[in-house]
Amino acid sequence: MGCASSIHISDRVVYQSGKESEDSPSPQQTNTTQHQGNPASGLPLKPPSCKTTLTEVQFGPMKLYKDPLQVLLVFAKEDSQSNGFCWACEKANYRCSMARTPESALECFSEKHHDLVIIDHRHSRHFDAEALCRSIRAVNSSENTVIVAVVKRPDREEASVMPLINAGFNRRYVENANVMACYNELLQLEHGEVRAQFKLRASNAIFTALEQSQDAIEITSEDQVIQYVNPAYESIMGYQQGELIGKEIIEVPKSEKNKPDLLETINSCILKGKEWQGIYYAKKKNGDNIQQNVKITPVIGQGGKIRHYVSINRPLNDNNKSDKSTERVQAESQTDIQSSKHKDRRKGSLDVKSITSRGSDGSSQRRHSSMARIHSMTIEAPITKVINIINQAQESSPMPVAEALDRVLEILRTTELYSPQLGTKDEDPHTNDLVGGLMTDGLRRLSGNEYILATKQPHHLPSHLATPLSLNDIPPRIAQTMETEASWDFDIFNLEAATMKRPLTFLGLKIFSRFGVCEFLNCPEATLRSWLQVIEANYHSSNSYHNSSHAADVLHATAYFLCKERVKQSLDPIDEVAALIAATVHDVDHPGRTNSFLCNAGSELAILYNDTAVLESHHAALAFQLTTRDDKCNIFKHMERNEYRTLRQAVIDMVLATEMTKHFEHVNKFVNSINKPLAALEENGGNSDEESVKGVLTSPENRILVKRMLIKCADISNPCRPLELCIEWAGRISEEYFAQTDEEKRQGLPVVMPVFDRNTCSIPKSQISFIDYFITDMFDAWDAFADLPNLMQHLDNNFKYWKGLDERKLHSLRPPPE
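Small disclaimer: the values here were computed from a predicted structure and weren't measured.

Caption draft 1: How the structure looks around the nonpolar core. Ranked by size, the top nonpolar core spans 116 residues in total, and within it Trp531, Phe561, Leu647, Phe779, Trp782, Phe785 and Trp802 carry the most contacts. Here this core takes 13 residues from helix H30 (residues 763-786), the largest share from any one element. Setting aside anything within four residues of it in sequence, one finds leucine 647 in contact with Leu521, Ile574, Val577, Ala578, Ile581, Phe636 and Met639. Grouped together as the second largest cluster of nonpolar side chains are 23 residues, Cys86, Ile118, Leu189 and Val194 included.

See below:
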């Protein structure tokens, strides 16, 4: 039978085929129109070939074959435009259907699932084209369909295409009935949007393969943000997709079993676009380490740049000896994922006999059942494991041991694991008040009264500041004052006087120059100068302690610590730059009041930061706001994006570490993770341990601890300064606390540090308590690491000075003149 070139049109659908379909209405039943030529352009129309030809499409390594394009035309009435598309479809050998009403269009689309739908949007009186588009989009199979709106030629101004895009259209076609115009449009659509959608449909097959793979597969973006993990990854690592998607790789806990430089080796390889393969220890969600054969492949995309990284991980069974219950966990988890991703993952079996009971009553049975559920959970932090081990030991222990273990559990379940417990308040009111004022978030008032900080100071650069153009232009008097800035005994108060209370800008210029910060950040010295001006302008000169002189003092101490040999061995250049920046901004816009005060007062900042690390969060956030809002002071402007994010994270972490609620946690982690391992290695001696020492000093986790400890020590190093400087700082902090107590009484707020009453306070006692409780242990640990005998000598001298005043029952900073 020869090929028919006719298009059968009805109010439902038009069929074009080599032979008439049995389901097709006959010409007698429908209004059949035969087109022998092109009425729009006069061009003769070739009849389509009867033979169905498949189009070959290359999709990466996949070779895809596509049927001829299926097109649905939706035109309420026949006109030159609809005829133009009909003839164009014939010319391109597309399978074309025509619908006259929205109902018939939906019915036809549901049956044939067309690749391309063209809807007449010119005549709203016939039907609502946008409503029809939304209805088609509501059909599941429309996800990869391209929908085009035919619109009127504009009379005056071009209309926005956003309403069409919002309705679900991919493209618009301005009416043009010329057959070649319609034909060219169809060809562009086929080779553009339609082919792209066809490839997207094929990608579903690839994801099905990924979902079924036995290997753990992880896909990250160019910035190493996790975009996909497959069920095998969830099963092996114990995470669920939702816990990982959108997180940066660096946020996922790492195993300490890898060599210290392994991550750097991997990154240096894949960032060059090279594939990396090797053995790598990963840390599961429950804290266990698992050895894997890992293959990481960079995926090159648009612009020849790396757009994704694909990591395929296969556990090494020989090196991961696990019991049968672990194998059952993995098997059941895999089944759970395939059957229902939202099922709870439970261990395959639990030997309940191992959890013996001390009684046979109902409560004991319930505890027995609860313990079984607790042990079956895969979400286990290290402390949870410890508690579970104690619970199991307790069940089979004699009564005295079980009761002692009960007390142990009570201690372990507190959130203040690292904070020493004080005696009664009467024993040491100064220490109690310091802890209450510095390490808690205060007491909430029940009256509902709120305190709003005094009129906010605008965050800007005052126009009257006259800072030198460059480091070489610093006035001689100021330059002379800074000649000894590399010494620990440097007098910051002389610089404060010489600079008229602007020491931070001048000292910052010199120290940043000494450490090559401008070269590292690739920023001009003028930009650094402007940045230092802006930061200093946003410190409150009205504060007696938390002003830019304190920031300059902390910057000086930070620079001094960075020059110590152990610190240099541990930190990279980016860490040094981050530390100097963090020291500079760590108290910016400090209101001269403690976090406890702000929380009790219901201040705007406390509400913004949910009463948690209020000031420290504000200092870090404001520092980046001030820096990035104006190119003139944006010292980060020329940094590579990933390097900037690393630097930013380090600065934020260090500023937040100055908050005192986690003081003992930071110190204890530093001692246990760094001091003790180093001491053990030194006891063993020998050159063979050099690599081990390097491993302790340079592991990513320990570098973070070093930076936190460094800025904490710099922030409260006043008791380790020469005596005259120590006395001056003690007077300033006392005055700030006195002012807070005065204001608390005026406002009717809880007085968080009652001993800091200017009429009754003993400054020597407060200094002794502060040194005893916060300073001694921390600086002992820091000295053991960084070797600071001069600081420890000052600390000893200063403590004796305060002790001498206290023994004489003196409350003042200095003894009375003889």
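Additional details are given in the paragraphs that follow.
Caption draft 2: The sheet that holds strand E10 (residues 276-283), seen in detail. With antiparallel pairing, five strands are arranged side by side in an open sheet as E9-E8-E12-E11-E10. Looking along the sheet, the strands with just one partner apiece sit at the ends: strand E9 (226-229) and E10. Strand-to-strand twist of the sheet, defined as the mean angle between neighbouring strand axes without regard to direction, takes the value 30°. Where strand E8 (residues 216-221) and strand E12 (residues 306-315) come together, six bridges link them in antiparallel fashion.

Caption draft 3: The pattern of salt bridges, seen in detail. On inspection of all chains with the given rule, the structure shows 33 salt bridges. Put simply, arginine 122 and aspartate 79 hold a salt bridge, and the shortest N to O gap is 2.6 Å. Linking arginine 122 in the loop between strand E5 (116-120) and helix H3 (129-137) with aspartate 79 in the loop between strand E3 (70-74) and helix H1 (80-91), this pair joins segments that are 43 residues apart in sequence. Residue classification places aspartate 79 among the partly exposed positions, given a relative accessible area of 24%. With a closest N to O distance of 3.2 Å, glutamate 735 and arginine 758 form a salt bridge. Of this pair, glutamate 735 sits in helix H29 (residues 723-747) while arginine 758 is found in the loop between H29 and H30, placing the two residues 23 residues apart along the sequence. Here the salt bridges do not stand alone but share partners, grouping Asp79, Asp120, Arg122 and Glu175 into one network.

Rules used throughout
- Residues numbered from 1 in each chain as written.
- Predicted model: local features only at pLDDT ≥ 70, side-chain atom pairs only at ≥ 80, totals over all residues.
- Heavy atoms only, no water.
- Core = buried A, V, L, I, M, F, W, Y, C linked by side-chain atoms within 4.5 Å.
- Buried < 20%, exposed > 50% of the residue type's maximum accessible area, 1.4 Å probe, protein only.
- Helix = DSSP H or I, 4+ residues; strand = E, 2+ residues; numbered from the N terminus.
- Contact = heavy atoms within 4.5 Å.
- Pairing = 2+ DSSP bridges.
- Axes fitted to C-alpha atoms, helices over the stretch in contact; angles between N-to-C directions.
- Salt bridge = Lys/Arg side-chain N within 4 Å of Asp/Glu carboxyl O.

Take it as geometry only, folks, not as evidence of what the structure does.
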